[in-house]
Amino acid sequence: EDPLATCAKIGLVDFQRGDYMRAITDFHIVLAARPGMEEMRYWLARAYEKVGDLDSSARALEAVSPGAARYVDARLLLSALREEKGDLDGAVEAVRK
C-alpha cells in the first residue's frame, strides 16, 4: 500500500484515540509530501483545535480549497472558531465564502 495513505490512516487512528499531538505530526508528514490531500488539512485543524491551538487550527482550515470534499465543514468550523474568539465579522465571512 501507499506509505502516505498508511500514515494518513495512522493519523486518523491517533486522532480517534485522543493522541492529538501524534496525529498532528502524522498529518504534517502527509501534507509535506502531498499538499493536495485536503482531507488531512481538515483533520489537522481538528487536532489543533483539540489541543487548544486555535490559531493553527484556523490556518489549516483556511488552507482547505473550495473543491475539497470537506470545504463546507472547514468553513463552518472556521466560523465557529472565529466566533469563539469574539470575531463575529470573521465568523460571518468564513461562512459567506
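Residues numbered from 1 in each chain as written. Predicted model: local features only at pLDDT ≥ 70, side-chain atom pairs only at ≥ 80, totals over all residues. Heavy atoms only, no water.

Trainee: I tried to follow the overall build of the chain on my own but got confused; where do I start?
Mentor: For the chain, the helix and strand inventory stands at six helices and zero strands. Going from the N terminus to the C terminus, the chain shows its helices and strands as α-α-α-α-α-α. Its C-alpha atoms give the chain a radius of gyration of 13 Å, near enough to 13 Å, the size a compact globule of 97 residues would have. A principal-axis box enclosing the C-alpha atoms of the chain has dimensions of 45 × 25 × 20 Å. Counting over 97 residues, the chain shows a buried share of 41%. Taking the average location of the 14 positive side-chain charges in the chain and that of its 17 negative ones, the two points are 2 Å from each other. (Helix = DSSP H or I, 4+ residues; strand = E, 2+ residues; numbered from the N terminus. Rg over C-alpha atoms; globule rule 2.2 N^0.38 Å. Buried < 20%, exposed > 50% of the residue type's maximum accessible area, 1.4 Å probe, protein only. Lys, Arg positive; Asp, Glu negative; His and termini not counted. Charge placed at Lys NZ, Arg CZ, Asp CG, Glu CD.)

Trainee: What am I meant to see in the pattern of salt bridges here?
Mentor: For side chains of opposite charge, pairing can occur when their charged atoms come near one another. Applying the stated criterion across every chain yields a total of 11 salt bridges. The salt bridge involving R46 is made with E49; its shortest N-O contact spans 3.2 Å. Residue R46 and its partner E49 are both found in helix α3 (residues 38–50); the two are separated by three residues, about one turn of the helix. Notably, a salt bridge pairs R96 with E93, separated by 3.5 Å at the nearest N-O pair. Placement of the pair is R96 and E93 together in helix α6 (residues 88–96), with a separation of three residues, close to one helical turn. With a relative accessible area of 61%, R96 lands in the exposed category. Residue E93 is classed as partly exposed on the basis of its relative accessible area, which comes to 32%. It is possible to trace a salt-bridge network through shared partners that takes in D14, R17, D19 and R22. (Salt bridge = Lys/Arg side-chain N within 4 Å of Asp/Glu carboxyl O.)

Trainee: What should I look at first to understand the environment of H28 in this one?
Mentor: Locating H28 in the fold gives a position in helix α2 (residues 20–33). Judged by relative accessible area, H28 falls into the partly exposed class, the value being 37%. Between the alpha carbons of H28 and L44 there is a distance of 7.6 Å; along the sequence they are 16 residues apart. Apart from residues no more than four positions distant in its own chain, H28 is found in contact with L44 and Y48. Polar contacts involving the side chain of H28 include one to the side chain of Y48, which spans 2.8 Å. (Contact = heavy atoms within 4.5 Å. Polar contact = N/O pair within 3.5 Å; in protein donor to acceptor, adjacent residues only side chain to side chain.)

These figures capture arrangement, not role.
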